[in-house]
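Descriptive structure summary
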Amino acid sequence: MQFSVLGPLQVRPSRDTRVEPRATKPGALLAVLLLNANAWVSVDQLIGAIWHEQAVPASAVRNLRSYVWQLRRSLGERLEGGPCGYRLRVCPGERDSDQVETLAESARSAMAAGEYETAAERLSVALALWRGEPFEGLAFEAATAAATRLNELRRELNHLLADACLELGRTTEATRLLRELTEREPWCESSWARLVLALHRAGRTDEALAAFERIRKLLLDELGVGPGPELAAAQRKVLHGREIMSTTKLSLVVGGRPAPAHAEIDTLLASARHEVLIMSDGPGSGPIDALRRIARTGLRPGVRYRVLCPDSARLSSALRTLSLAGVDVRTDAEVPMQALVIDRGSALLPADRESTGYQAGAAVFRLPGVVTATVGLFERIWQGAVPLLPSEPAEAGDGVLTRRERDLLALLCSGSTDESAAARLGISVRTVRRMVADIMNRLGARSRFQAGVKAADRGWLMDMAG
């Protein structure tokens, strides 16, 4: 059974049956019972909510029993009566509001872990559960308070979704979402502040300042007040960014091997305060050569380092050393470019690479549009990439396959793709790739084909055939 409060009250006793109390008083009865799910609610409390706008009639108790009888035809034994009043038994997850709370908590955790794609998916699912105003049409005090709390949660989830989209480089989606929020709630300064910053981050500084001016004028004309601290801080950030962009939009670091020529790259790495993102085609040299640099200079305390490399570099001792030192390293089939991003404010990209590989240059971009696009590419690859070191302890020794690994190898040997194997095993594609990477590491294989050969040599495939 499903109970929906994120809109007009609705009960689904089964998949094909839907009940919507059309009259206000039976709806109020159901709302009070849902707000106090699994708890006994007194007759006086129910009557107070049902007749909250008028004098209680002499027939209130008799009418209440009639409304209970009507609801019980749909709810059956879930609606219980007793000497203390009535109660509605609700199982975990049956209220759409409970589902939203669970998804919200999961999305917050994913955001904190930098798993923005996962967070965006869960936030989208949560927001799709809204069908209108919570407890629509019901105005008694408890319903109004619950609706206010749920609307605040909805606003938070929209803000988180916009933040996740920005982290993924989906600036158009983020700005569209924030514009819708400001239209729906024109007095919410937090939504306006996020819109101003999102437009600035997308490189649309003039639009960002125009949005600030619009809400500033609205606040002044309608409420007689100026922008609050959050909105004012957003404007200052945009103005400061425009000032920087007018003087240092692009700088070039020319030359390959001589140390003085790359002093600016070292300075950039040393300036990191929060996060360093690296895309590399391997631990070898190049115009950026960030892996060797952080290995040489060490990791800065409090800075999170994330590195993307191609699968061909998985057996590199340099990568393993960095991973053991605390760098979060993942690999994918192909990493399309070299890049270094510092605190999501500067992006270092190859500017030129001659055939010798020695006279190469790099460009430092501080344009929000370039930085956002680079971060977006990194995050899209990161979500499907495989961790270099397993994040979970092995279930068995290096020479023994777990049951799940045996099932996975059997599916892959029979021609299943990663996606179909994941669906058959009930796990994510990312987990499939991690398991394959773990098996490759244990076998010392550089490719899946080589892993298959070595697995056959160890008799693992024969064991499955038997």
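Our structure is the block above this text.
Residue positions within a chain follow its written sequence, with the count starting from 1. Note on the predicted model: pLDDT of at least 70 is required for a residue's local features to be given, and 80 or more for side-chain atom pairs to be given and counted; whole-chain, interface and lining totals, by contrast, use all residues. With hydrogens and water excluded, all non-hydrogen atoms of the structure serve as input to the side-chain values.

Below, the discussion takes up the overall build of the protein chain. Scanning the protein chain from N- to C-terminus turns up 19 helices and 13 strands. Per-residue accessibility, obtained with a 1.4 Å probe over protein chains only, is compared with the maximum for each type, and a residue is labelled buried under 20%, exposed over 50%, and partly exposed between these values. Each of the 466 residues in the protein chain was classed as buried or not, and the buried ones make up 44%. Long-range pairs, those at least 24 residues apart, make up 64% of the contacts in the protein chain between residues at least 6 apart in sequence. Carbon and sulfur atoms make up 51% of the accessible area of the protein chain, which amounts to about 23,100 Å² in all. A run of H or I in DSSP becomes a helix once it reaches four residues, and a run of E becomes a strand once it reaches two; helices and strands are each numbered from the N terminus. The contact criterion used throughout is that any non-hydrogen atoms of two residues lie within 4.5 Å. Where accessible areas are quoted, they stem from the Shrake-Rupley method and a 1.4 Å probe; at the residue level, only the protein chains shown are allowed to cover.

If you trace the backbone, His159 turns up in helix 6 (residues 141–167). A polar contact is formed between the side chain of His159 and the side chain of Ser191, at a distance of 2.8 Å. When near neighbours in sequence (up to four residues on either side) are disregarded, His159 contacts Leu178, Leu181, Cys188, Ser190, Ser191 and Arg194. As used in this structure description, the phrase polar contact means that two N or O atoms lie within 3.5 Å; if the pair is within protein, one of them must be able to donate a hydrogen and the other to accept it, and residues adjacent in sequence are counted only when both atoms belong to side chains.

On to the environment of Ala202. As for its position among the elements, Ala202 is in the loop between helix 8 (189–201) and helix 9 (205–223). Ala202 gets classed as partly exposed once you look at its relative accessible area, which sits at 22%. Apart from the residues within four sequence positions on either side, Ala202 is in contact with Thr171 and Gly369.

Now for the packing of helix 5 (residues 116–127) against helix 6. Only the stretch in contact is used when fitting a helix axis, every axis being a line fitted to C-alpha atoms; angles between N-to-C directions are given from 0 to 180 degrees. For the pair helix 5 and helix 6, the least separation of the axes is 9 Å and the interaxial angle reads 150°. For the crossing formed where helix 5 meets helix 6, the hand is left-handed. In this structure, helix 5 contributes Tyr116, Ala120, Leu123, Ser124, Ala126 and Leu127 to the contact, and helix 6 contributes Arg154, Leu157, Asn158, Leu160, Leu161, Ala164 and Glu167. Gly is put with the polar residues, along with every residue not named as nonpolar or charged; the nonpolar set is Ala, Val, Leu, Ile, Met, Phe, Trp, Tyr, Cys and Pro, and the charged set is Asp, Glu, Lys and Arg. When its residues are assigned to classes, the contact of helix 5 with helix 6 shows nine nonpolar, two polar and two charged. It is the rotation of the near helix from the far one that decides the hand of a crossing: anticlockwise by less than a right angle makes it left-handed, clockwise makes it right-handed.

To continue, consider helix 16 (residues 418–425). Given 3.6 residues per helical turn, the α-helix brings residues three or four places apart onto the same face. Among the residues making up helix 16, those that are buried are Asp418, Ala421 and Ala422. Looking down the long axis of helix 16, one finds its buried residues gathered within 100° of arc, a one-sided arrangement. Set apart from the buried face of helix 16 by more than 90 degrees, the exposed residues are Ala423 and Arg424. Just beyond helix 16, the residue with positive phi is Gly426, at close to 70°. Directions are taken from the helix axis to each C-beta atom, and the arc is the one they span.

Now for unusual backbone geometry. Excluding glycine, a negative phi dihedral is what most residues carry, and trans is how most peptide bonds are arranged. The backbone of Asp343 sits at a positive phi, close to 50°, despite the residue not being glycine. Overall, the relative accessible area of 26% leaves Asp343 in the partly exposed class. Although it is not a glycine, Arg344 sits at a positive phi angle of roughly 55°. By the secondary structure assignment, Arg344 is in the loop between strand 10 (339–342) and strand 11 (346–353).

Secondary-structure assignment places Asn151 in helix 6. For Asn151, the contacting residues outside a window of four places in its chain are Trp130, Glu133 and Pro134.

To continue, consider the pattern of salt bridges. We define a salt bridge as a contact between a side-chain nitrogen of Lys or Arg and a carboxyl oxygen of Asp or Glu at a distance within 4 Å. Within this structure, the stated rule accounts for 26 salt bridges. Note that Arg149 is salt-bridged to Glu101, the shortest N-O span being 2.8 Å. On the criterion of sequence distance, the pair formed by Arg149 in helix 6 and Glu101 in helix 4 (residues 96–112) is long-range, its members being 48 residues apart. Note that Arg155 and Glu185 form a salt bridge whose closest N and O atoms lie 2.8 Å from each other. Taken together, the residues Arg155 in helix 6 and Glu185 in the loop between helix 7 (171–184) and helix 8 connect sequence positions 30 residues apart. By relative accessible area, which is 24% here, Arg155 ends up partly exposed. Since its relative accessible area comes to 21%, Glu185 is described here as partly exposed.

Right, let's talk about the nonpolar core for a bit. Core analysis: the biggest nonpolar cluster contains 74 residues, and Leu29, Phe135 and Leu157 have the highest contact counts within it. For this core, the element with the most residues is helix 6, which contributes eleven residues. Not counting chain neighbours up to four residues away, the residues in contact with Leu29 comprise Leu46, Ile50, Leu64, Tyr67, Val68 and Leu71. Each nonpolar core is a collection of buried residues, namely Ala, Val, Leu, Ile, Met, Phe, Trp, Tyr and Cys, held together in the definition by side-chain atoms within 4.5 Å.

Attention shifts here to helix 1 (residues 24–35). In this scheme, a helix's expected span is set at 1.5 Å multiplied by one less than its residue total. The end-to-end C-alpha separation of helix 1 is 16 Å, in line with the 16 Å expected for twelve residues at 1.5 Å each. Counting buried positions over the twelve residues of helix 1 gives nine, a clear majority of the element. All of the buried residues along helix 1 are Pro26, Gly27, Ala28, Leu29, Leu30, Ala31, Val32, Leu33 and Leu34. Looking at the buried residues of helix 1, the elements they touch are strand 1 (2–4), strand 2 (10–14), helix 2 (43–50), helix 3 (60–75), strand 4 (79–82) and strand 5 (85–88).

This paragraph deals with the sheet that holds strand 3 (residues 17–19). The sheet built from three strands is open, its strands ordered 1-2-3 with antiparallel pairing. Whereas interior strands pair on both sides, the edge strands pair on one side only; in this sheet they are strand 1 and strand 3. The mean inter-strand angle of the sheet, taken between neighbouring strand axes irrespective of direction, is 20°. The sheet contact formed by strand 2 and strand 3 spans two bridges and is antiparallel. Across the sheet, the residue bridging to Val11 is Val19, located in strand 3. When DSSP finds two or more bridges between two strands, those strands count as paired.

This paragraph deals with the pairing of strand 5. Regular strands show a simple pattern: their side chains alternate between the two faces of the sheet. Where strand 4 meets strand 5, four bridges bridge the pair, whose relative direction is antiparallel. Within strand 5, the position partnered with Gly81 by the bridge is Tyr86. Connecting strand 4 to the next strand, strand 5, in antiparallel fashion are two residues.

Once that is clear, we can look at the environment of Gly326. As for its placement among the helices and strands, Gly326 is situated in the loop between helix 13 (317–324) and strand 9 (328–332). When the C-alpha atoms of Gly326 and Arg304 are compared, they prove to be 8.5 Å apart, with 22 residues separating the residues in sequence.

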